[in-house]
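Summary of structural features
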Amino acid sequence: CMVSGEGWSRRNAEAAQERDAHANSSSPVIAAFKVFQQELDTRHDKYERLIKISRDVTIESKRSIFLLHRVTNIPDTEGVLNEAESKLDGVRQKIGQIAEELRGEDIYQFHRAFTPGIQEYVEAVTFLHYIRHRSLISLEEINARLVFMKTDNADPKDSAEAPPSSAPVLTFQVTPADYLLGVADLTGELMRLCIGSVGNGDIDTPFQLSQFLRQIHDGFSYIGNTGPYEVSKKLHTLRQSLGKVEDACYTLRVRGSEIPKHMLADVFCTRTTHMDAEEGVV
Amino acid sequence: MNKREGEGWSRRNAEAAQERDAHANSSSPVIAAFKVFQQELDTRHDKYERLIKISRDVTIESKRSIFLLHRVTNIPDTEGVLNEAESKLDGVRQKIGQIAEELRGEDIYQFHRAFTPGIQEYVEAVTFLHYIRHRSLISLEEINARLVFMKTDNDSAEAPPSSAPVLTFQVTPADYLLGVADLTGELMRLCIGSVGNGDIDTPFQLSQFLRQIHDGFSYIGNTGPYEVSKKLHTLRQSLGKVEDACYTLRVRGSEIPKHMLADVFCTRTTHMDAEEGVV
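Basis of the calculations
Per chain, residues are indexed from 1 in the order of the written sequence. Going through the entries in the order they are written, you letter the chains from A and number the ligands from 1. For this predicted model, a pLDDT threshold of at least 70 governs which residues receive local features, and a threshold of 80 or more governs which side-chain atom pairs are given and counted, while totals over whole chains, interfaces and linings are taken from all residues. Neither water nor hydrogens contribute to the side-chain values; these are computed over all heavy atoms in the structure. For the purposes of this entry, the term helix denotes a DSSP run of H or I that reaches at least four residues, the term strand denotes a run of E that reaches at least two, and both are numbered from the N terminus. A 1.4 Å probe rolled over the protein chains alone gives each residue an accessible area, and that area as a share of the maximum for its type sets the label: buried under 20%, exposed over 50%, partly exposed in between. Throughout, a contact is declared for two residues whenever any of their heavy atoms are within 4.5 Å. UniProt positions are given in the numbering used here, feature names are shortened, and annotations may be inferred rather than shown by experiment. For salt bridges, the criterion is a side-chain nitrogen of Lys or Arg within 4 Å of an Asp or Glu carboxyl oxygen. Aromatic pairing here means that ring centres of Phe, Tyr or Trp (its six-membered ring) are within 6.5 Å. Orientation follows from the plane angle: under 30 degrees is stacked, over 60 is edge-to-face, and everything else is tilted. Where each domain begins and ends is defined by an automated method or by a domain database. By buried area we mean how much accessible surface two parts lose on assembly, using a 1.4 Å probe and totalling the loss over both. Polar contacts, as used here, are pairs of N or O atoms within 3.5 Å; protein pairs need one atom able to donate a hydrogen and one able to accept it. Residues neighboring in sequence count only if both atoms are side-chain atoms. Here the nonpolar group is Ala, Val, Leu, Ile, Met, Phe, Trp, Tyr, Cys and Pro; Asp, Glu, Lys and Arg are the charged ones; every other residue, Gly included, is treated as polar. To get an axis, a line is fitted to the C-alpha atoms, and for a helix only the part in contact is used. The angle between two axes follows their N-to-C directions and goes from 0 to 180 degrees. Angles are sorted into four bins: roughly parallel if under 35 degrees, roughly antiparallel if over 145, roughly perpendicular if 65 to 115, and oblique for all others. Crossing chirality is assigned from the near helix's rotation relative to the far helix, an anticlockwise turn below a right angle marking it left-handed and a clockwise turn marking it right-handed. Values of pLDDT, ranging from 0 to 100, describe the predictor's confidence in every residue of the model.

Our next topic: the overall build of chain A. Helix and strand counts for chain A stand at 10 helices and 2 strands. Moving toward the C terminus, one meets the helices and strands of chain A in the order α-α-α-α-α-β-α-β-α-α-α-α. Across the 282 residues of chain A, 40% fall into the buried class. Put simply, of all contacts in chain A between residues at least 6 apart along the chain, 74% involve residues at least 24 apart.

See the structure below:
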């Protein structure tokens, strides 16, 4: 016990000497820690900026999705689609800011900062693409639109900051994991679109959506539990959405072919009301 | 009966279809009213989002000034550290001025959850600085007295001419309480740090101070905001650690040289031989 006590006191005496040197803040250890402090502060500040930009991306993408849901209600879909497209252009500008922040960095160190915004953006872009083309946009197409050219008339401070050797083109690559999770969120919106379009008398959309969602669901089932863990949670939600859409199609097919369009919304609320009118329906 | 209900439903749906056609023209008063609602809600949510961003900045800057203030135990030149922390907190006060500007004319309790984390962190930092300087607890009135923002002349273009030139931000008593509860955790850390540096007096002062704060919170009991109950539990643990430190110093520490004090906290059994005669 005595020996270890002496060792401790010797070590503490050295520590006391070091503390005196530290008080002068000229030792190499203090200098090294000051460098660490600046590095960490810079890193945390960048992470914080990315979180702020990601929140803006999320909010703007959500608003364009709400906007896109209106296409079931109004005859002029082209106006709504163009408005949503311009909103998403604004979102792409924000993603350009994310790309600028990540220039020269390991994107996976900051991935958790911007992943919510990117998933929301993927959800919005796939939704818009489905409404226009009735198909699923591919990851390559999404990434092809996230290319940012450095303009010549950019702020002088930007070109002064950028090293002359940096490329004039900046790209942001959505990771396959974020694409998957965005598509999983898309299914919830498609289910909402389906129910909304039925309420407006559109009998064809639910069946198209049912097939489309069934294909997406099969794709996710192939992945199973080999993907990111969030996929398993979203697969559960996806099954529920698919079930709701298929229930809507069932109601339409079995009970709906004789019901006039303006009573369709009624059918979903009160299934028992029209029992008398359905003789002969399979 | 079913048929009659069916007819009623179909009539209502026919009217609904007519309304939908009117809506498609987006000229009906209902659509106009909803557009107003949409703008109101969007404005409100945007303001909430801005407040969250400012609050995050306040939290980060306050935390950094607390980290800075912990260094006063290690270095002889405390005045430099205190002044640096004071200037950091001045920057935080500017940010709180932005919060006050956003809340001008609004019901602050509608946005309270947006800025409350930042304000609690700020209260923690300000009370910590005040304790290190004056060994006492700053009062809520003193904190609020420093959160008065004068409108400068070159902002007058934006401000309506009828608004007062002075803007104040009032920290709510609940936020003050929760900030003081967080302060106790930092004081416990200060205590352990100062012991490691050979300062034998601070732990006993801190022990008394924390005991008084703990008694105050016990008076409140569970009549306050629900977060107070959770923080009371943490406060008890902090108080326990500080009192353990004082116990170790008093019972085992009076004969130990200063530079071995940190050792005493790690290896209590090492100096059993040297303690004959200690009560």
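Below, the discussion takes up the UniProt feature "binding site: Mg(2+)" (unreviewed entry) in chain A. Residues and elements named next belong to chain A. Summarizing the sequence annotation, UniProt attributes the feature "binding site: Mg(2+)" (unreviewed entry) to Glu123 and Glu189 in the numbering used throughout. These annotated residues cover 67 residues of sequence, but their C-alpha atoms sit close together, with the largest distance between any two at 8.5 Å. Beyond its immediate sequence surroundings of up to four residues, Glu123 is in contact with Ile65, Gly182, Asp185, Leu186 and Glu189. Take Glu189: it is sitting in helix H7 (residues 176-199). Overall, Glu189 belongs to the buried group, its relative accessible area being 9%. Filtering out sequence-adjacent residues up to four positions away, Glu189 remains in contact with Ile65, His69, Glu123 and Phe127.

Here we take up the UniProt feature "binding site: Mg(2+)" (unreviewed entry) in chain B. All names here are of chain B. Mapped onto this numbering, the UniProt entry gives "binding site: Mg(2+)" (unreviewed entry) at Glu124 and Glu186. Spatially, the listed residues are clustered: although they cover 63 residues, their C-alpha atoms lie within 8.5 Å of one another. Note on placement: Glu124 falls in helix H4 (residues 112-134). For Glu124, a relative accessible area of 4% translates into the label buried. Not counting chain neighbours up to four residues away, the residues in contact with Glu124 comprise Ile66, Gly179, Asp182, Leu183 and Glu186. Structurally, the position occupied by Glu186 is in helix H6 (residues 173-196).

What follows concerns the pattern of salt bridges. Counted by the stated rule, this structure contains 40 salt bridges over all chains. Between B:Arg64 and A:Asp45 there is a salt bridge, with its nearest N and O atoms 3.1 Å apart. Taken together, the residues B:Arg64 in helix H2 (residues 29-69) and A:Asp45 in helix H2 (residues 28-68) connect one chain to another. Relative accessible area serves as the criterion here: at 18%, B:Arg64 is assigned to the buried category. Residue classification places A:Asp45 among the partly exposed positions, given a relative accessible area of 30%. With a closest N to O distance of 3.0 Å, B:Arg104 and B:Glu101 form a salt bridge.

Taken as a whole, this structure holds 8 aromatic pairs over all chains when the rule is applied. A ring pair is formed by A:Phe114 and A:Phe172, whose centres lie 5.5 Å apart and whose planes are at 75°; its orientation type is edge-to-face. Within this pair, whereas A:Phe114 is found in helix H4 (residues 111-133), its partner A:Phe172 is found in the loop between strand E2 (169-171) and H7, the two being separated by 58 residues in sequence. Pair check on accessibility: A:Phe114 and A:Phe172 agree, each one buried. Both rings, one in B:Tyr131 and one in B:Phe209, keep their centres 4.5 Å apart while their planes meet at 35°; by these two values the pair is tilted. Here B:Phe209 lies in helix H7 (residues 202-220) and B:Tyr131 lies in helix H4, a separation of 78 residues in the sequence.

In the Ramachandran plot, A:Arg134 falls in the positive-phi region, its phi being about 55° despite a non-glycine side chain. Mapped onto the elements, A:Arg134 comes out in the loop between H4 and helix H5 (139-144). Positive phi values are uncommon outside glycine, yet B:Arg135 reaches one of about 55°. Inspection of the secondary structure assignment puts B:Arg135 in the loop between H4 and helix H5 (140-145).

Here we come to the domain arrangement of chain B. Bring the parts together and some accessible area is lost; that lost area is often taken as the interface size. Residues and elements named next belong to chain B. Here chain B is partitioned into domain 1 (38-151) and domain 2 (172-254). Placing the centre of domain 1 and that of domain 2 at their C-alpha centroids yields a distance of 22 Å. Between domain 1 and domain 2, the residue contacts involve 23 residues of the former and 21 residues of the latter. Counting each side, the surface lost to burial between domain 1 and domain 2 is near 1900 Å², with a carbon and sulfur contribution of 64%. At the junction of domain 1 with domain 2, the criterion picks out 0 salt bridges. Where domain 1 packs against domain 2, one counts 6 residue pairs in polar contact (both at pLDDT 80 or more). Secondary structure elements with two or more residues in the side of domain 1 that touches domain 2: H4 and H5. In terms of residues, the side of domain 1 that touches domain 2 owes the most to one element, H4, which gives 10 residues. Of the residues that constitute the side of domain 1 that touches domain 2, the class distribution is 12 nonpolar, 9 polar and 2 charged.

Our next topic: the packing of H7(A) against helix H8 (residues 205-223) of chain A. Residues and elements named next belong to chain A. Contact geometry of H7 with H8 gives a least axis separation of 10 Å together with a crossing angle of 160°. As the angle between them shows, H7 and H8 are arranged roughly antiparallel. The handedness of the crossing between H7 and H8 comes out as left-handed. Across the interface between the two elements, Leu180, Val183, Ala184, Thr187, Leu190, Leu193, Cys194, Ser197 and Val198 from H7 touch Thr205, Pro206, Leu209, Phe212, Leu213, Ile216, Phe220 and Ile223 from H8.

With that settled, consider the confidence of the model for chain A. All names here are of chain A. Confidence in the prediction for chain A averages 81 pLDDT; 76% of positions are at 70 or higher. Across chain A, the secondary-structure element scoring lowest on mean pLDDT is helix H6 (residues 156-161), at 40, and the one scoring highest is H4, at 95. Note on residues 1-13: pLDDT under 50 across the span, and 10 contacts to partners over four residues away in sequence or across chains. Contacts of residues 152-165 to residues separated by more than four positions or lying in other chains number 1 contact, the stretch itself having pLDDT below 50.

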